[in-house]
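Understanding the architecture of this molecule
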Amino acid sequence: MYLYLIRHGIAEEHQSDIKDEERSLTTEGRKKTEKIAQRLIQLKFKFDLILTSPLVRAKQTAEILMQAGLGSQLETSLHLSWEGNVHSWIQEWLEPRRHDQKYDQQTHLALVGHEPCLSSWAEILIWGEAKEKLILKKAGMIGIEVPDNGSIVGRSQMFWLTPPKYLL
């Protein structure tokens, strides 16, 4: 399976009158995310499922990816919010689906979320622990190939790490 960890686009700054989970993409964030989505289409990316955090800025980013034609299905997962845990996500999303063969080794799954969660998830999948070495910029993407058998923690391989400036 191929996982694509995608950070949400540029969002409104923290303000006392807006709850963090309600912060939207800025006009610039929306435009840059749309350009990146178009570039991903040119590079022949296509996701079987786009899974997004329930926070507004992540959902808007995921919707832009869907509107560009990058995904065929969109779902929301609490695992991708601030309280998300990669181990509980693996247990709920990957292990049961592996057994029913709904998602196989050729599945391309996009996860739209937040920092530092996504970088930590990537590090745990690749190295077995979060080392705080990877940084995922807004609207950036990390691609990880997940092994098709056994534990995936510490056994996955990163094949893509792109800051948004290289996709614009």
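Everything numeric here is computed off the predicted structure, so don't read it as measured data.

Here we look at helix α2 (residues 56-67)
The terminal C-alpha atoms of α2, which comprises 12 residues, lie 16 Å apart, in line with the 16 Å expected from a rise of 1.5 Å per residue. Looking at the residues trailing α2, positive phi occurs at Gly-69, about 95°.

A look at the sheet that holds strand β4 (residues 108-113)
Ordered by their spatial adjacency, 6 strands build an open sheet running β3-β2-β4-β1-β5-β6, and the pairing between neighbours is mixed. This sheet does not close on itself; its edge strands, each paired only once, are β3 (74-76) and β6 (157-162). Averaged over all pairs of adjacent strands, the angle between their axes in this sheet comes to 20°, without regard to strand direction. Judged from the 4 bridges that link them, strand β2 (residues 49-52) and β4 form a sheet pairing that is parallel. Paired with Ile-50 across the bridge in β4 is Ala-110. Across the sheet, α2 lies against β1 (2-7), β2, β3 and β4, angled at about 165° from β2, the strand it touches most. Docked against the sheet, helix α4 (residues 117-127) engages β1, β4, β5 (141-145) and β6, running at close to 155° with respect to β1.

Description of the confidence of the model for the chain
Of all residues in the chain, 95% have pLDDT values of 70 or greater, and the mean over the chain is 91. Averaged pLDDT values for the elements of the chain fall to 72 in helix α3 (residues 86-99) and rise to 98 in α2.

Notes on the nonpolar core
If you look at the biggest cluster of nonpolar residues, it comprises 25 residues, and the most contacted ones within it are Leu-3, Trp-89, Leu-111 and Ile-144. Every element with two or more residues in this core is listed here: β1, β2, α3, β4, α4 and β5. Among the elements that line this core, the one with the most residues is α4, at 6 residues. Aside from chain neighbours lying at most four places away, what touches Leu-3 is Trp-89, Leu-109, Leu-125, Ile-142, Gly-143, Ile-144 and Val-146. Listed in part, the 20 residues of the second largest apolar core include Leu-40, Phe-47, Leu-70 and Val-112.

Cut-offs and rules
Residues numbered from 1 in each chain as written. Predicted model: local features only at pLDDT ≥ 70, side-chain atom pairs only at ≥ 80, totals over all residues. Heavy atoms only, no water. Helix = DSSP H or I, 4+ residues; strand = E, 2+ residues; numbered from the N terminus. Expected span 1.5 Å × (residues − 1). Pairing = 2+ DSSP bridges. Axes fitted to C-alpha atoms, helices over the stretch in contact; angles between N-to-C directions. Contact = heavy atoms within 4.5 Å. pLDDT = per-residue confidence, 0-100. Core = buried A, V, L, I, M, F, W, Y, C linked by side-chain atoms within 4.5 Å. Buried < 20%, exposed > 50% of the residue type's maximum accessible area, 1.4 Å probe, protein only.

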